[in-house]
Amino acid sequence: MSYYEQQPFRPGGFQVMPPAIKTLIIINIAVFLVQFSSLFGPYLMHFGPLWPIASEGGNSFQIWQLVTYMFMHGGLAHILFNMFALWLFGAEIENYWGTKEFTAYYFVCGIGAALINLATTIGSPYPTVGASGAVFGILLAFGMMFPDRYIYLYFLFPIKAKYFVAGYAAIELLMGVNNSTMGSGSNIAHFAHIGGMVAGFAYIKIRQQGWSFSDWIEKTFPNRDDTKSSGPTLYKSKNTTVANNDKATEAEIDAILDKISKNGYGSLTNDEKQKLLKAGGNK
């Protein structure tokens, strides 16, 4: 068991509100306010949601809705729950992976959720809104990165992250199947939640094999003159040797954590970030 798996769940990680989380929350709140404005609200509610393919009532699916629907919500409780969960599980993931990696993952999960939802709602007259698909992808990432971390269910009952995530996924799948077969009137897009988790799982597994967008650019355009470091990556590339392949000792991790508490995550060297990633992600 790695050092980080022995630690209790710390909401927010090192930076309580890292850049991507902060930006996403601000945008979601801003869009939510616009939804209820008399000037732009009706226009946004018509073009922004994810409308099903072959939807009835004159509304139609448009390609931009794969992204715009993620920033719209059906009510105050809906946005509060999604933004709280995004911060609760996402902040630490962003701190470990870095802002660029986290942002890419977030949108992959959100778009993946949209695609699964489109496939299961053809002809429906009801649109889908909300960041839930992307948030469920973040939850999946937390369970994969820190499977033995304890999460306190209802703030009372400790349960390991891997079991929490697996249980949530099973419930969403059963609810989605039940809605489809029994014609339930639930307005929750359960298959979108599952889609976000499936997309996230596929993305993480692909990255674990060493593929990255930057690697693809290098192979596609071999004459590019780009000597700038792309910063810390989520996983070790097949063609990259990570400095100091030995596992970090607990003393080294403690020293890194002390440095973060004093100077912030950005003060770490690439080698220290790699050790931190390995301590948190290797199972």
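Quantities reported herein were computed from a predicted structural model and do not represent experimental measurements.

## Looking at the pattern of salt bridges
Side-chain pairs of opposite charge can arise where the charged atoms are in close proximity.
Part 1 of the argument: For the structure shown, the criterion picks out 4 salt bridges.
Part 2 of the argument: Between E101 and R207 there is a salt bridge, and its shortest N-O distance comes to 2.9 Å. Residue E101 is located in helix α5 (residues 99-120), and its partner R207 is located in helix α8 (residues 190-208); the two are separated by 106 residues in the primary sequence.
Part 3 of the argument: Its relative accessible area of 5% is what places R207 among the buried residues.
Part 4 of the argument: The partner of K162 in a salt bridge is D148, and the shortest N-O contact between them spans 3.0 Å. With K162 in helix α7 (residues 161-182) and D148 in the loop between α6 (132-145) and β1 (150-153), this residue pair connects regions lying 14 residues apart in the sequence.
Part 5 of the argument: Here D148 falls in the buried class, since its relative accessible area comes to 13%.
Part 6 of the argument: Through salt bridges with shared partners, one network takes in D148, K160 and K162.

## Side note on the confidence of the model for the protein
Part 1 of the argument: Confidence along the protein averages 77 in pLDDT terms, with 71% of residues attaining 70 or more.
Part 2 of the argument: A low-confidence stretch, residues 224-233 stays under pLDDT 50, and its non-local contacts, those more than four residues away or across chains, total 10 contacts.
Part 3 of the argument: Low pLDDT, under 50, characterises residues 235-246; the predicted model gives this stretch 19 contacts beyond four residues in sequence or across chains.

## Here's the deal with the nonpolar core
Part 1 of the argument: By size, the foremost hydrophobic cluster in this structure holds 57 residues, and its most contacted members are L86 and Y105.
Part 2 of the argument: Of all the secondary-structure elements, those providing two or more residues to this core are α1 (19-35), α4 (76-97), α5, α6, α7, α8 and α10 (250-263).
Part 3 of the argument: Element by element, the count of residues in this core is highest for α4, at 11 residues.

## Topic: the packing of aromatic side chains
Part 1 of the argument: The full count for this structure, using the stated rule, is 12 aromatic pairs.
Part 2 of the argument: Geometrically, the ring pair formed by F71 and F107 is tilted, given 6.2 Å between the ring centres and 45° between the ring planes. A residue pair is termed long-range when its members are at least 10 positions apart, and F71 in the loop between α3 (65-68) and α4 and F107 in helix α5 qualify at 36 residues.
Part 3 of the argument: F71 gets classed as buried once you look at its relative accessible area, which sits at 11%.
Part 4 of the argument: When the ring of Y105 is compared with that of Y203, the centres are 5.6 Å apart and the planes differ by 65°; the resulting orientation is edge-to-face. Of this pair, Y105 sits in helix α5 while Y203 sits in helix α8, and the two are 98 residues apart along the sequence. Across the pair, exposure class does not vary: Y105 and Y203 are buried alike.
Part 5 of the argument: Among the aromatic residues, those joined into a ring-pair cluster are F89, Y96, F142, F146 and F164.

What counts as what
Residues numbered from 1 in each chain as written. Predicted model: local features only at pLDDT ≥ 70, side-chain atom pairs only at ≥ 80, totals over all residues. Heavy atoms only, no water. Salt bridge = Lys/Arg side-chain N within 4 Å of Asp/Glu carboxyl O. Helix = DSSP H or I, 4+ residues; strand = E, 2+ residues; numbered from the N terminus. Buried < 20%, exposed > 50% of the residue type's maximum accessible area, 1.4 Å probe, protein only. pLDDT = per-residue confidence, 0-100. Contact = heavy atoms within 4.5 Å. Core = buried A, V, L, I, M, F, W, Y, C linked by side-chain atoms within 4.5 Å. Phe/Tyr/Trp six-rings, centres within 6.5 Å; stacked < 30°, edge-to-face > 60°.

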